[in-house]
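Listed below, chain by chain, are the residues.
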Amino acid sequence: MKHDIETREDIIEFVNAFYGNMKPDDLVGHIFLEVEQVDFAKHLPKMYDFWEMLLLDGSNYRGAPMQPHFRVNEKTPLTPAHFDRWLEMFKETIDSLFEGPKAEEAKSKAFNIASTWSYKLEYLRKL
Ligand code: HEM
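Structure report, in brief.

Cut-offs used in this document
Just so you know, the residues in each chain are numbered from 1, in the order the chain's sequence is written. Per-residue local features are limited, in this predicted model, to residues with pLDDT of at least 70; the limit for side-chain atom pairs, both in listing and counting, is 80 or more; totals at the level of whole chains, interfaces and linings are taken over all residues. Side-chain numbers here rest on the full set of heavy atoms in the structure, without hydrogens or water. Listed donors are limited to N, O and S atoms within 2.8 Å of the metal, widened to 3.2 Å for Na, K and Ca; water is not among them, so incomplete-looking sites are possible. We count a stretch as a helix when DSSP gives it H or I for four or more residues in a row; a strand needs E for two or more, and each element gets its number in order from the N terminus. When at least one non-hydrogen atom of a residue lies within 4 Å of a molecule or strand, that residue is treated as near it. Two N or O atoms count as a polar contact when they lie within 3.5 Å, although within protein this holds only if one can serve as hydrogen donor and the other as acceptor, and sequence-adjacent residues are included solely when both atoms are side-chain atoms. Under the convention adopted here, Pro, Cys and the residues Ala, Val, Leu, Ile, Met, Phe, Trp and Tyr are nonpolar, Asp, Glu, Lys and Arg are charged, and Gly plus all remaining residues are polar. Cavities and pockets are found on a 1 Å grid laid over the protein atoms alone: a cavity is a set of points where a 1.4 Å probe fits but cannot escape, a pocket is an open set with protein on both sides within 12 Å along at least five of seven lines, and a lining residue has an atom within 4 Å of such a point. Grid points are joined across faces, edges and corners, and a volume is the space filled by probe spheres set on the points. Here, expected helix span is obtained from the residue count minus one, scaled by 1.5 Å. Relative accessibility under 20% of the residue-type maximum defines a buried residue, over 50% an exposed one, and the middle range a partly exposed one, all with a 1.4 Å probe and only protein chains included. We call two residues contacting when some pair of their heavy atoms lies within 4.5 Å. Put simply, a nonpolar core is a bunch of buried Ala, Val, Leu, Ile, Met, Phe, Trp, Tyr and Cys residues held in one set by side-chain atoms that sit within 4.5 Å of each other. Whenever a carboxyl oxygen of Asp or Glu lies within 4 Å of a side-chain nitrogen of Lys or Arg, that contact is scored as a salt bridge.

1. Comments concerning the coordination of the iron atom of the ligand
For step 1, the next point in the chain: You will see that the iron atom of the ligand has only one donor from the protein, His69 (NE2), lying 2.1 Å away.
For step 2, the next point in the chain: Topologically, His69 is positioned in helix α4 (residues 67-75).

2. Considerations on the site of the ligand
For step 1, the next point in the chain: Phe32, Lys46, Tyr61, His69 and Trp86 are the nearest of the 21 residues found near the ligand.
For step 2, the next point in the chain: Tyr61 places a polar side-chain atom, nitrogen or oxygen, 2.6 Å from an oxygen atom of the ligand.
For step 3, the next point in the chain: Separating a nitrogen atom of the ligand from a side-chain N or O atom of His69 is a distance of 2.8 Å.
For step 4, the next point in the chain: Counting only elements with at least two residues in the shell around the ligand, the list comes to α2 (29-35), α3 (40-56), α4, α5 (80-97) and α6 (101-126).
For step 5, the next point in the chain: A per-class count over the shell around the ligand returns 16 nonpolar, three polar and two charged.

3. Digging into the layout of surface pockets
In this approach a probe as big as a water molecule rolls over the atoms, and the regions it shows empty are the leftover space.
For step 1, the next point in the chain: The volume enclosed by the largest pocket comes to roughly 810 Å³.
For step 2, the next point in the chain: Lining the largest pocket are 31 residues; nearest its centre among them are Phe32, His43, Met47, Pro68 and His69.
For step 3, the next point in the chain: Sorting the residues of the lining of the largest pocket by element identifies α2, α3, α4, α5 and α6 as the ones contributing at least two each.
For step 4, the next point in the chain: No other element matches the six residues that α3 contributes to the lining of the largest pocket.

4. Remarks on empty space enclosed by the protein
For step 1, the next point in the chain: Enumeration over the complete set of coordinates arrives at one cavity of 30 Å³ or more.
For step 2, the next point in the chain: Empty space within the largest cavity amounts to approximately 40 Å³.
For step 3, the next point in the chain: In this structure, the largest cavity is lined by Phe14, Val15, Phe18, Tyr19, Met47, Trp51, Trp86 and Phe90.
For step 4, the next point in the chain: The set of elements that each furnish at least two residues to the lining of the largest cavity consists of α1 (8-22), α3 and α5.
For step 5, the next point in the chain: Of the residues belonging to the lining of the largest cavity, the class tally is eight nonpolar, no polar and no charged.

5. Remarks on α6
For step 1, the next point in the chain: A rise of 1.5 Å per residue sets the reference length of α6, with its 26 residues, at 38 Å; its end C-alpha atoms lie 38 Å apart and thus fit the reference within 8%.
For step 2, the next point in the chain: Among all positions of α6, only Ala103, Ala106, Lys107, Ala110, Ala114, Trp117, Ser118 and Leu121 are buried.
For step 3, the next point in the chain: On its buried face, α6 sits against α3, α4 and α5.

6. Some thoughts on the nonpolar core
For step 1, the next point in the chain: One finds Ile5, Phe14, Val15, Tyr19, Trp51, Trp86 and Phe90 to be the most contacted residues of the largest nonpolar core, which totals 35 residues.
For step 2, the next point in the chain: Counting only elements with at least two residues in this core, the list comes to α1, α2, α3, α5 and α6.
For step 3, the next point in the chain: When residues of this core are assigned to their parent elements, the largest contribution, eight residues, is made by α3.

7. A short note on the pattern of salt bridges
For step 1, the next point in the chain: Evaluation of the coordinates by the stated rule reveals 11 salt bridges.
For step 2, the next point in the chain: We note a salt bridge from Glu36 to Lys75, for which the minimum N-O separation is 2.9 Å. Pair noted here: Glu36 is in the loop between α2 and α3 and Lys75 is in helix α4, with a separation of 39 residues, a long-range link.
For step 3, the next point in the chain: Of the charged contacts, one joins Lys109 and Glu105 as a salt bridge, the two residues approaching to 2.9 Å between their closest N and O atoms. Of the two residues, Lys109 and Glu105 are both situated in helix α6; the distance of four residues between them amounts to about one turn of the helix.
For step 4, the next point in the chain: What you see here is one network of salt bridges that share partners, running through Arg8, Asp49 and Glu52.

Next comes the structure, spelled out in structure tokens:
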């Protein structure tokens, strides 16, 4: 039986699984691998801290999470289609591993953030 997201180890598990699903994805994966050539050894710990802050009240995350997306958006537009695909993979990953109120919270927080960022980036592209 699946359990809920309870510990940092659970967060590490879903973040790693999410990136495992995302890297081969044609629409979103290539932005990480080719457009940005992301250093995952540095990026993944930031994502663990970010999700630990959102779900378990962690205080390790320091930063401006939307910042790198402005930079990416200038090189290659991050469109609603990218965010929809990102969210779809995020939901699939969470549902494949966890079940419970925190798992639902992770999906709804991801949805709220993705919707806000998608809207802001689209607005900026029209200026
Ligand atoms: C189309 C969807 C997305 C793409 C292509 C994308 C891509 C990226 C890239 C290229 C980076 C910089 C990695 C690096 O070099 O360190 C990044 C950072 C990050 N992304 Fe995304 N992202 C997407 C959506 C999201 C969403 C929806 C969230 C949150 C729910 C998110 C959270 C973050 C965070 C927390 C960072 C680290 C920021 C920091 O440096 O402190 N991303 N993303």
